[in-house]
Amino acid sequence: MTILTARDEAFSFTYRANLDDLSRLGSLCFFSPLRDTVLPPCDLLYLPGGYPELFAQRLSKNEEMRRQIAAYAFNGGRVFAECGGFMFLCRALDGLPLAGVFPFEATMKGARLHLGYRQTGDARGHEFHYSSLLPSELPEGVRVLRLQRDALGNPVDTELYLFNNVVGGYTHWYWAEKGFLKLWHNITTA
């Protein structure tokens, strides 16, 4: 299995232990959504967190990469996107076009901190971001998975979204203890 991970200035937040876990599943490769124009072939695309809002113009201008990532997702490719990676899969960020896999527009306007521990089943992570999503109707095929809780077990309004084989949301997951495949199974079968 080839696991392709975004890694550049815009996508710089990953847990080393998660990357180690992915490397046990297959061949771990890296690419840059900022600079590369060809999406290398892969069996799983991992878009981690980072700061896409600081590089939104450059990400938006890389139309070929945006188009290829969207095509991969719409054609059934497996994608796992956390926080900044999830924002990149949105339709736009403050009016700048992005990949358009999810129908949302992310915005930094009125930015406020969203922070806290999150869990689903026995998988744990944290939420840390300033952006928010503008309201949008969900098109057919996009599922909202409301299965996250805070550290005390209370439901939270942070949502995970599922489209085809694409999982996206604001949570940064730490799955190394349980394994990525178990996290993927927990989320996609909820």
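Look up a bit, the structure's there.
Residues numbered from 1 in each chain as written. Predicted model: local features only at pLDDT ≥ 70, side-chain atom pairs only at ≥ 80, totals over all residues. Heavy atoms only, no water.

### Remarks on unusual backbone geometry
Even without being glycine, Asp-94 reaches a positive phi, approximately 50 degrees. When you line up the elements, Asp-94 lands in the loop between strand 5 (90-93) and strand 6 (96-97). Its relative accessible area of 30% is what places Asp-94 among the partly exposed residues. The backbone of Asn-164 shows a phi angle near 50 degrees, a positive value even though the residue is not glycine. Considering the arrangement of structural elements, one finds Asn-164 in the loop between strand 12 (160-163) and strand 13 (166-169). The partly exposed category is assigned to Asn-164, whose relative accessible area is 41%. (Helix = DSSP H or I, 4+ residues; strand = E, 2+ residues; numbered from the N terminus. Buried < 20%, exposed > 50% of the residue type's maximum accessible area, 1.4 Å probe, protein only.)

### A word on the sheet that holds strand 9 (residues 123-129)
Ordered by their spatial adjacency, 3 strands build an open sheet running 8-9-14, and the pairing between neighbours is antiparallel. Unpaired on one side and paired on the other, strand 8 (114-120) and strand 14 (171-174) mark the two borders of the sheet. Across this sheet, the average inter-strand angle for adjacent strands is 25 degrees, counted without regard to direction. Where strand 8 meets strand 9, 7 bridges bridge the pair, whose relative direction is antiparallel. Bridge assignment links Gln-119 to a residue of strand 9, and that residue is Arg-124. (Pairing = 2+ DSSP bridges. Axes fitted to C-alpha atoms, helices over the stretch in contact; angles between N-to-C directions.)

### Overview of the environment of Ser-27
Residue position: Ser-27 is located in strand 2 (residues 27-31). What makes Ser-27 partly exposed here is its relative accessible area of 39%. With 141 residues separating them along the chain, Ser-27 and Gly-168 place their C-alpha atoms 22 Å apart. For Ser-27, the contacting residues outside a window of four places in its chain are Met-1, Thr-2 and Ile-3. (Contact = heavy atoms within 4.5 Å.)

### Here we look at the pattern of salt bridges
Evaluation of the coordinates by the stated rule reveals 7 salt bridges. Arg-118 is the partner of Glu-127 in a salt bridge, and the nearest nitrogen-oxygen pair spans 2.8 Å. As far as the burial class goes, Glu-127 and Arg-118 line up, both buried. (Salt bridge = Lys/Arg side-chain N within 4 Å of Asp/Glu carboxyl O.)

### Examining the nonpolar core
In terms of nonpolar packing, the biggest core is built from 38 residues, with Phe-31, Leu-45, Leu-47, Leu-89, Val-101 and Phe-102 touching the most fellow members. No other element matches helix 3 (residues 63-74), which puts 5 residues into this core. Not counting chain neighbours up to four residues away, the residues in contact with Leu-45 comprise Leu-4, Phe-31, Leu-39, Ile-69, Tyr-72, Arg-78, Val-79 and Phe-80. (Core = buried A, V, L, I, M, F, W, Y, C linked by side-chain atoms within 4.5 Å.)

### Points about the packing of aromatic side chains
Counted by the stated rule, this structure contains 19 aromatic pairs. Taking 6.4 Å as the distance between ring centres and 20 degrees as the angle between the ring planes, the aromatic pair formed by Phe-102 and Phe-104 counts as stacked. Each of the two residues, Phe-102 as well as Phe-104, counts as buried. Positioned over the ring face of Phe-30 is Arg-7, at 3.5 Å from the centre of the ring. (Phe/Tyr/Trp six-rings, centres within 6.5 Å; stacked < 30°, edge-to-face > 60°. Lys NZ or Arg CZ within 6 Å of the ring centre and 35° of its normal.)

### Structural notes on the pairing of strand 1 (residues 2-6)
With 4 of its 5 residues buried, strand 1 lies for the most part within the structure. When strand 1 meets strand 2, the two strands line up parallel, connected through 5 bridges. Residue Thr-5 lies in a different strand from strand 2, and its bridge partner there is Phe-30. Read as a crossover between parallel neighbours, the route from strand 1 over helix 1 (residues 16-25) to strand 2 is right-handed. Here 3 bridges tie strand 1 to strand 3 (residues 44-47), and the two strands are oriented parallel to one another. Following the sheet pairing, Thr-5 is matched in strand 3 by Tyr-46. (Right-handed = clockwise from strand over helix to strand, strands pointing away.)

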